[in-house]
Amino acid sequence: MRGKPLQYVTCAQASYTAIPVEKPDVETLRKMVMTDAPQNNVSPNIVEKVGVNLHQRPNHPLSIIKNKIQEYFESAYPGVFSFCDDLVPVVTIKANFDELLIPEDHVSRNPNDTYYIDNERLLRCHTSAHQTELLRQGLRAFLATGDVYRRDSIDATHYPVFHQMEGVRIFEPSDWESKGMSAVEFAEAELKQTLEGLVRAVFGDVEMRWVDAYFPFTDPSFELEIFFKEQWLEVLGCGVVQQKILENCGLGDKKGWAFGLGLERLAMVLFGIPDIRLFWTDDKRFTEQFQDGKITKFKSFSKYPPCYKDISFWISPEFTENNLCEIVRGCGGDIVEKVELIDSFTNPKKGKTSHCY
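The structure reproduced in this document is the subject of the present report. Please read all numbers here as calculations on a predicted model, not as lab measurements.

Rules behind the numbers
Residues numbered from 1 in each chain as written. Predicted model: local features only at pLDDT ≥ 70, side-chain atom pairs only at ≥ 80, totals over all residues. Heavy atoms only, no water. Helix = DSSP H or I, 4+ residues; strand = E, 2+ residues; numbered from the N terminus. Rg over C-alpha atoms; globule rule 2.2 N^0.38 Å. Buried < 20%, exposed > 50% of the residue type's maximum accessible area, 1.4 Å probe, protein only. Phe/Tyr/Trp six-rings, centres within 6.5 Å; stacked < 30°, edge-to-face > 60°. Lys NZ or Arg CZ within 6 Å of the ring centre and 35° of its normal. Salt bridge = Lys/Arg side-chain N within 4 Å of Asp/Glu carboxyl O. Core = buried A, V, L, I, M, F, W, Y, C linked by side-chain atoms within 4.5 Å. Contact = heavy atoms within 4.5 Å. Pairing = 2+ DSSP bridges. Axes fitted to C-alpha atoms, helices over the stretch in contact; angles between N-to-C directions. Parallel < 35°, antiparallel > 145°, perpendicular 65-115°, else oblique. Nonpolar A, V, L, I, M, F, W, Y, C, P; charged D, E, K, R; others polar.

**Thoughts on the overall build of the protein chain**
Counting its secondary structure elements, the protein chain contains eleven helices and 13 strands. At 22 Å, the protein chain has a C-alpha radius of gyration in line with the 21 Å of a compact globule built from 357 residues. Principal-axis analysis of the C-alpha atoms places the extent of the protein chain at approximately 70 × 45 × 40 Å. The buried share of the protein chain, taken over its 357 residues, is 51%.

Dropping the structure here:
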């Protein structure tokens, strides 16, 4: 059963009424991103990724993981959660940062880390950017999945486009009062019980531990780690939603929890995929290895040895490594496996510094 689209959202098990909104096609969506605004720092290589939606592709590792998580929530909480995986990645700065209480001086707001479209819009950095929008439109329990964008380094575990899932659930005062608990205690207990069940559904019977963390939009905040293949692995971040966020959505008398996880991170572990860039390949030697509903181990197929190329240059005070990576990625695409600083030299007479990568 699928509910009506809500602001470019396709949701399942929705229990609200909404006016369907037509979603822009891929060409229109990409034109929305390619503006002449001086703030725009979205490269053509990134524009090409907008609208691809790997998490919706049948038999793709990311969609397999997404479906497995959604199946757990529907099985454990039948009809409670809405599943939203068609949200437009172009969001406002307000939705991405301000409404989530992210400070003005937070590093994630820097153009070195975020893809800005103009002075009001950007490519979302996280699916949390839709949290307040969906709460205001009536959802009280949902999973929002989509592509997110962050300027990043070049190596096997980082990519400027990846996929996240955001989970949120809101509770009424009667929920915690009937248990004789405070609102925060109840939300935290429900959160941990839900996510421990999720981990068991995805990874099996593994050892888990909760680690105190900090996120601007939750308090208290936690990270959930599992002991998997002889090492501790961070699976997700979560916490009790900041009351100020709920108040701004007209839900000041309620309490809720939220979590966020990266689909690539889980898929790389479960499928044994060694390089995050493989998710974007159309090579049949990769795509034909996977089937919906099954977790199968990836079999390597590359027969080409690495080819090392060094480049050195003087840097200016404005130089950042992420900007270099954008240039390299724009020229070489995904064939460039890694960019690594191997030497740095400062000329004492000229006061200039050079880097070798």
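**What about the packing of aromatic side chains?**
In the structure shown here, the tally under the stated rule is 20 aromatic pairs. Through successive ring pairs, a cluster of aromatic residues spans Tyr72, Phe73, Tyr77, Phe81, Trp257 and Phe259. Over the face of the ring belonging to Trp280 we find Lys49, whose NZ or CZ atom lies 5.6 Å from the ring centre. Against the face of Trp232 rests Arg209, its NZ or CZ located 4.0 Å from the ring centre.

**Topic: the pattern of salt bridges**
With the rule as written, the count across this model stands at 15 salt bridges. Close ionic contact of Asp282 with Arg57 constitutes a salt bridge, the shortest N to O distance being 3.3 Å. You can see Asp282 sitting in the loop between helix H9 (263-271) and helix H10 (284-287) and its partner Arg57 sitting in the loop between helix H2 (44-47) and helix H3 (61-76), a full 225 residues away along the chain. Among the residues examined, Asp282 registers a relative accessible area of 58% and is labelled exposed.

**Notes on the nonpolar core**
One broad rule of soluble globular proteins: the nonpolar side chains tend to lie buried together. Core analysis: the biggest nonpolar cluster contains 65 residues, and Ile69, Phe73, Leu123, Phe203 and Phe279 have the highest contact counts within it. If near-sequence neighbours (up to four positions away) are discounted, Phe279 is found in contact with Leu54, His60, Pro61, Leu62, Glu264, Ala267, Met268, Ile273 and Phe286. Ranked by size, the runner-up nonpolar core spans 26 residues in total, among them Val91, Ala144, Ile170 and Ala258.

**A short note on the sheet that holds strand E13 (residues 352-356)**
With antiparallel pairing, three strands are arranged side by side in an open sheet as E11-E13-E12. Here the strands that pair on one side only, and so sit at the sheet edges, are strand E11 (312-315) and strand E12 (343-347). Strand-to-strand, the axes of this sheet are offset by a mean angle of 25 degrees, without reference to chain direction. Pairing of E11 with E13 involves four bridges; the strand directions are antiparallel.

**Quick notes on the packing of H3 against H9**
Two elements in contact, H3 and H9, have axes separated by 9 Å at closest approach and are oriented at 100 degrees. As far as their axial angle goes, H9 and H3 are roughly perpendicular. Across the interface between the two elements, Pro61, Leu62, Ile64, Ile65, Lys66 and Ile69 of H3 pack against Leu263, Glu264, Leu266, Ala267, Leu270 and Phe271 of H9. Per-class residue counts for the contact of H3 with H9 are ten nonpolar, no polar and two charged.

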